[in-house]
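Chain by chain, the residues:
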Amino acid sequence: MRPLVFAGNWKMNVGPVEAREYLRAFFAAGEIPHERSVWFFPPAVSIEAVAQGIAGHRNVSVGSQDLYWEPKGAFTGATSGPLAKQSGARLALIGHSERRHVFGETDADTEKKVTAALAADLQPVLCVGETLEQREAGDTLKVVTGQLEAALGKRDGKARVTIAYEPVWAIGTGRNATPQDAAQVHGAIRGWLKDHAVTAAPFVILYGGSVNLKNTAELLAEHELDGVLVGGASLNPRDWAQLVRTAVA
Ligand code: 13P
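Residue numbering note: each chain is counted from 1, following its sequence as written. Residue-level local features of this predicted model are given only where pLDDT is at least 70; pairs of side-chain atoms are given and counted only at 80 or more, and the full residue set underlies all totals for whole chains, interfaces and linings. Each side-chain value is worked out from all heavy atoms of the structure, with water and hydrogens disregarded.

Peer 1: Outline helix H5 (residues 107–119), listing residues and values.
Peer 2: Per the convention used, a helix needs a DSSP run of H or I reaching at least four residues, while a strand needs a run of E reaching at least two, with both numbered from the N terminus. One less than the number of residues in a helix, times 1.5 Å, gives the span that helix is expected to have. A rise of 1.5 Å per residue sets the reference length of H5, with its 13 residues, at 18 Å; its end C-alpha atoms lie 19 Å apart and thus fit the reference within 8%. For H5, the full list of buried residues reads Asp109, Thr110, Glu111, Lys113, Val114, Ala116 and Ala117. Any two residues whose heavy atoms approach within 4.5 Å are treated as being in contact. Where H5 is buried, its residues meet strand S4 (91–94), helix H4 (97–101), strand S5 (123–128) and helix H7 (140–152). A simple rule labels every residue: compare its accessible area, found with a 1.4 Å probe on the protein chains alone, to the largest value its type can have, and call it buried under 20%, exposed over 50%, or partly exposed in between.

Right, here's the structure in full:
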């Protein structure tokens, strides 16, 4: 079995009280299968509760959904890498499409956030993806490699960075990329990572966008996909316990 990552992005759902209940129900299904990792991205207020709830369980980690690049200071409402780390985070999502499109985050911001995450000893999970308009214009690969270039291109030395390919038009819409379309973009991302030598192997590239219990097996049958980043379908602990146990060809 090849190693696979199942990442659940709870977005603005699941407070600390709910997170404790969630994890009890999730672990009632047993330990995570070997060769699989489960990553939870709760809202910042729930990171500590999740870190406590997963302690002692194999192959499970928690991360922040975002971070601000300054380590501390007068930045009301923001969470820094060191603060997330202190709450128990080991990972940080950077440049999620909702950060880019709802909160106006730029490519330049993602570069600063990747650097800040690494400085705080958090593994960045850099999200990239095209809009429907960009896909229809045939610009998907140009957009995605441009986002990689902006966030990682100036780095010297190799860092461990996971990439999540999440086409914007597939997020929360019930419309997922076909496994073949996703694999094509993953191949281009892998090619970029190999050519630029700014990230450490093994390269881990996740697919996100309307992943659910019904389509996970088919998506992961494509060996270009090293795992999935899941929003809505990660919110029910019993369904999520089942999804992370999906049999994959
Ligand atoms: P959905 O799985 O709800 O489409 O969300 C995907 C996503 O944005 C995960 O980060």
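Next comes the rest of the description.
Peer 1: Could you give me a rundown of the packing of aromatic side chains, with the residues and numbers involved?
Peer 2: Two aromatic rings, drawn from Phe, Tyr or Trp (for Trp, its six-membered ring), form a pair once their centres lie within 6.5 Å of each other, and the interplanar angle then sorts them: stacked below 30 degrees, edge-to-face above 60, tilted otherwise. Here the structure, examined in full by the defined rule, presents nine aromatic pairs. Ring geometry for Trp10 versus Tyr22: centroids 4.6 Å apart, planes at 55°, classification tilted. Placement of the pair is Trp10 in the loop between strand S1 (4–9) and helix H1 (16–27) and Tyr22 in helix H1, with a sequence separation of 12 residues. Residue Trp10 is classed as buried on the basis of its relative accessible area of 0%. Counting every residue linked through ring pairs, the aromatic cluster contains Trp10, Tyr22, Phe26, Phe27 and Phe40. Ring-over charges, as used throughout, are those where CZ of Arg or NZ of Lys falls within 6 Å of the ring centre and within 35 degrees of the ring normal. For the cation-ring pair, Arg99 lies above Phe103, with the distance from its terminal atom to the ring centre recorded as 4.1 Å. Over the aromatic face of Trp69 sits the side chain of Lys112, whose NZ or CZ is 4.1 Å from the ring centroid.

Peer 1: Just give me the short version of helix H8 (residues 179–196), but keep the residues and values in it.
Peer 2: Between the first and last C-alpha of H8 there are 26 Å, a value that for 18 residues agrees with the 26 Å anticipated at 1.5 Å per step. Considered for burial, the residues of H8 that qualify are Pro179, Ala182, Ala183, Val185, His186, Ile189, Arg190, Trp192 and Leu193. Elements that come into contact with the buried residues of H8 comprise S5, helix H6 (132–136), H7, strand S6 (162–165), strand S7 (205–208) and helix H9 (216–220).

Peer 1: Any details on the sheet that holds S7? Residues and values, ideally.
Peer 2: Pairing between sheet strands relies on hydrogen bonds along the backbone, with the strands arranged either parallel or antiparallel. The sheet built from eight strands closes into a barrel, its strands ordered S1-S2-S3-S4-S5-S6-S7-S8 with parallel pairing. With strand direction ignored, the average angle separating the axes of adjacent strands in the sheet is 25°. Lines fitted to the C-alpha atoms define the axes, with helices restricted to the stretch that makes contact. Angles between their N-to-C directions range from 0 to 180 degrees. In the packing of helix H2 (residues 47–54) onto the sheet, contacts are made with strand S2 (36–41) and strand S3 (60–64), and the angle to S3 comes to roughly 170°. This element, H7, spans S5 and S6 of the sheet and lies at about 150° to S5. DSSP bridges decide pairing: two strands pair if at least two such bridges lie between them.

The values are spatial; any link to function lies outside them.
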